[in-house]
Amino acid sequence: MNRNRLFVVAGTLALTAAVAYAQMGGYTAQNLGNSVEGQSLLTVLNKVNQNYLYPVDQDKLLRGAINGALGSLNDEFTYYTEPASNEIDAENLSGSFGGIGVTLVGVNGDGTGGKVDNVYKGNAASKNGVQIGDVFVKIGDKDVTGAKLDEIVKLVRGPVGSAVNVTFARQGKPYTVKLTRDKVTIVSVEKTVLPGKIGYIALNTFYNEQASAQFRAAVADMKTQGVQKLILDLRDNGGGLLNAGTDVADQFLQSGPIVSLRARDAKPQVYEQAHNQPTDYTGKLVVLVNKNSASASEVVSGALQDAGRATIIGEQTFGKGVAQIPETLPDGGKVAIVNSAWLTPKGREIHKKGITPDIVVKDTRYTLPLNFTGSGAAPGSKLTVTVAGKPVTVTADKEGKFTYTGEVKRPERSSTQGEAVVDPQGDAILKRAVQALR
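Residues numbered from 1 in each chain as written. Predicted model: local features only at pLDDT ≥ 70, side-chain atom pairs only at ≥ 80, totals over all residues. Heavy atoms only, no water.

Draft legend 1. A look at the sheet that holds strand 16 (residues 311-314). Spatially, six strands are ordered 10-11-12-15-16-19 in an open sheet, and the strand pairing comes out mixed. The strands lining the two open edges of the sheet, one partner per strand, are strand 10 (189-194) and strand 19 (359-360). For strand 15 (residues 284-289) and strand 16, the ladder comprises four bridges, and the chain directions are parallel. Each residue of the ladder has a partner; that of V289, found in strand 16, is G314. (Pairing = 2+ DSSP bridges. Helix = DSSP H or I, 4+ residues; strand = E, 2+ residues; numbered from the N terminus.)

Draft legend 2. Geometry of the confidence of the model for the chain. Per-residue pLDDT for the chain has a mean of 91; in total, 94% of the residues score no lower than 70. Segment residues 1-24 is flagged for pLDDT under 50; beyond a separation of four residues in sequence, or across chains, it makes 31 contacts in the model. (pLDDT = per-residue confidence, 0-100. Contact = heavy atoms within 4.5 Å.)

Draft legend 3. Inspection of unusual backbone geometry at higher detail. Phi angles above zero are rare outside glycine, and K197 is one such case at about 60 degrees. Residue classification places K197 among the partly exposed residues on the basis of a relative accessible area of 46%. One non-glycine residue, D265, lies in positive phi territory at about 55 degrees. Position of D265 among the secondary structure elements: in the loop between strand 13 (257-262) and strand 14 (269-273). Residue D265 is classed as exposed on the basis of its relative accessible area, which comes to 66%. (Buried < 20%, exposed > 50% of the residue type's maximum accessible area, 1.4 Å probe, protein only.)

Draft legend 4. Region of interest: the packing of aromatic side chains. Under the definition given, this model contains seven aromatic pairs. When the centroid spacing of 6.0 Å and the interplanar angle of 75 degrees are considered together, the rings of F215 and F252 count as edge-to-face. With F215 in helix 7 (residues 211-224) and F252 in the loop between helix 8 (242-250) and strand 13, the pair connects residues that are 37 residues apart, well separated along the chain. An aromatic cluster of at least three residues, connected via ring pairs, comprises F136, F168 and Y175. R157 extends its terminal NZ or CZ atom over the ring of F97, reaching a point 3.6 Å from the ring centre. (Phe/Tyr/Trp six-rings, centres within 6.5 Å; stacked < 30°, edge-to-face > 60°. Lys NZ or Arg CZ within 6 Å of the ring centre and 35° of its normal.)

Draft legend 5. Highlighting the UniProt feature "domain: PDZ" (unreviewed entry) in the chain. The positions UniProt marks with the feature "domain: PDZ" (unreviewed entry) are residues 87-157. Segment residues 87-157 splits into 28% helix and 28% strand. End C-alpha atoms: 11 Å apart. (UniProt positions renumbered as here; feature names shortened; annotations may be inferred.)

Draft legend 6. Geometry of the pairing of strand 11 (residues 198-203). Judged by how many residues are buried, strand 11 sits mostly within the fold: six of six residues are covered. Here strand 11 shows two buried faces, one formed by I198, Y200 and A202 and the other by G199, I201 and L203. Examined bridge by bridge, strand 10 and strand 11 share six bridges and lie antiparallel to one another. Looking at strand 11, one finds that T192 is bridged to Y200. The hairpin turn running from strand 10 into strand 11, its antiparallel successor, is three residues long, and G196 in that turn takes a positive phi close to 85 degrees. Two strands pair when backbone bridges link them, and strand 11 and strand 12 (residues 229-233) are joined in this way by five bridges, in the parallel orientation. The residue bridging I198 from the neighbouring strand is K229, located in strand 12.

Draft legend 7. A look at the packing of helix 8 against helix 9 (residues 296-306). Direction vectors running N to C along helix 8 and helix 9 enclose 30 degrees, while the axes themselves pass 8 Å from each other. The orientation of helix 8 relative to helix 9 falls into the category roughly parallel. Considering how the two elements wind past one another, helix 8 and helix 9 form a crossing that is right-handed. Between helix 8 and helix 9, the contacting residues are L242, G245, T246, V248 and A249 on the first element and A296, V299, V300 and L304 on the second. Of the residues that constitute the contact of helix 8 with helix 9, the class distribution is seven nonpolar, two polar and no charged. (Axes fitted to C-alpha atoms, helices over the stretch in contact; angles between N-to-C directions. Parallel < 35°, antiparallel > 145°, perpendicular 65-115°, else oblique. Left-handed = near helix turned anticlockwise from the far one by under 90°. Nonpolar A, V, L, I, M, F, W, Y, C, P; charged D, E, K, R; others polar.)

Draft legend 8. Examining the nonpolar core more closely. Counting 40 residues, the largest nonpolar core has F215, L232, F252 and V287 as the members making the most contacts within it. Residue assignment for this core shows that the elements contributing at least two residues are strand 11, helix 7, strand 12, helix 8, strand 13, strand 15 and helix 9. For F252, the contacting residues outside a window of four places in its chain are F215, L230, L232, Y281, L285, L304 and R309. (Core = buried A, V, L, I, M, F, W, Y, C linked by side-chain atoms within 4.5 Å.)

Draft legend 9. Summary view of the environment of A388. On the secondary structure map, A388 appears in the loop between strand 21 (382-387) and strand 22 (390-395). C-alpha separation for the pair A388 and K398, spaced ten residues apart in sequence, amounts to 29 Å.

Draft legend 10. Representation of a nonpolar patch on the surface within the structure. Residues Y52, L53 and Y54 make up a contiguous nonpolar surface patch of about 400 Å² in total accessible area. Tracing the chain through its elements places Y54 in the loop between helix 2 (36-51) and helix 3 (58-71). (Patch = residues over 30% accessible without salt bridge, like charges linked within 9 Å, V, L, I, M, F, W, Y side chains within 5 Å. Areas by Shrake-Rupley, 256 points an atom, 1.4 Å probe, with all protein chains shown as cover. Salt bridge = Lys/Arg side-chain N within 4 Å of Asp/Glu carboxyl O.)

Take a look at the structure:
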């Protein structure tokens, strides 16, 4: 992680903690039992171990207590991540790891199982014929058809040069392939140049320590190609590192505050100022957002909107106007604690509100898949319904109920990392952005 980011954010947390400790003191192993609530917690844990009918998973019990404590805050952005998931998060944050070179999506209705969503050129999967749509069946000898995505990801990742046997199913037919893991680099930036010398850069996440450098390289490439009109696409970017967001905004601003932080019982303080740099992009700029643009994406769009630097086009953004401090725990897990609200340069707090675009356009890239439910059929019977000229068959369960959910349209992505695939005609927000720049 970036040392400066940790220093600034941790300093804010220390301010907050000082107030709390002055009010009630901190918890320690020695004083937890000083309150009746603390005594009650210890009593419950001990009584479960003494009297519960079935074997007790101690790790699960104590992690449940952690989640219960954080859940009492009723704050979705203050949460605990278990060690296995935190290990994957750390690899994602670093931007590189040993793997096979695919992205995954869930395959079952409850989000479990894994299906290949994209295969990147040059990595093990593409070299061995793995294709988009292939379903993970086994990794080694372990059946993963009902496993959580994080579990599948953990199993396929490993040291560079190590091998893993994976059984996939393609159109229902299984095949097994031995894959030698190699270095996979997460490229968070995709770019292309549209007709009329309009540059397009999509930034998919700020949760990558390499995102800033990748973005700077993309902007430099646009300048080299003589681009004077640029589209920055932040749709579906759920945020990540705050300093990565301020660095992106800084490449379009020459002066003034980018974002301020307000800790508990404290006045807002400027977190980052813009700097006039030779590498700045000064041409015409449009930023695309949608309802999934959150956190650092809103920091960028809010700063550029307040400065009058860019036209914001799309949907009302998500509305995550708080920052978290991450803390690695003794068990290898992580707790993320909301410790401050952030404000745009004009002092706007957007938490649970979002940022309203200058030009509102509905995102037309993904349509709601066909779905229906029913009941009253004979248990186990099959029903066929014709939809748009095509037969759809469902099977009734033991109570005669049936349900169908069509496949969600997958966003088209290039197999070459960093290469953007766009649809200026079918994508209403992008189409409006091109019009605004002409």
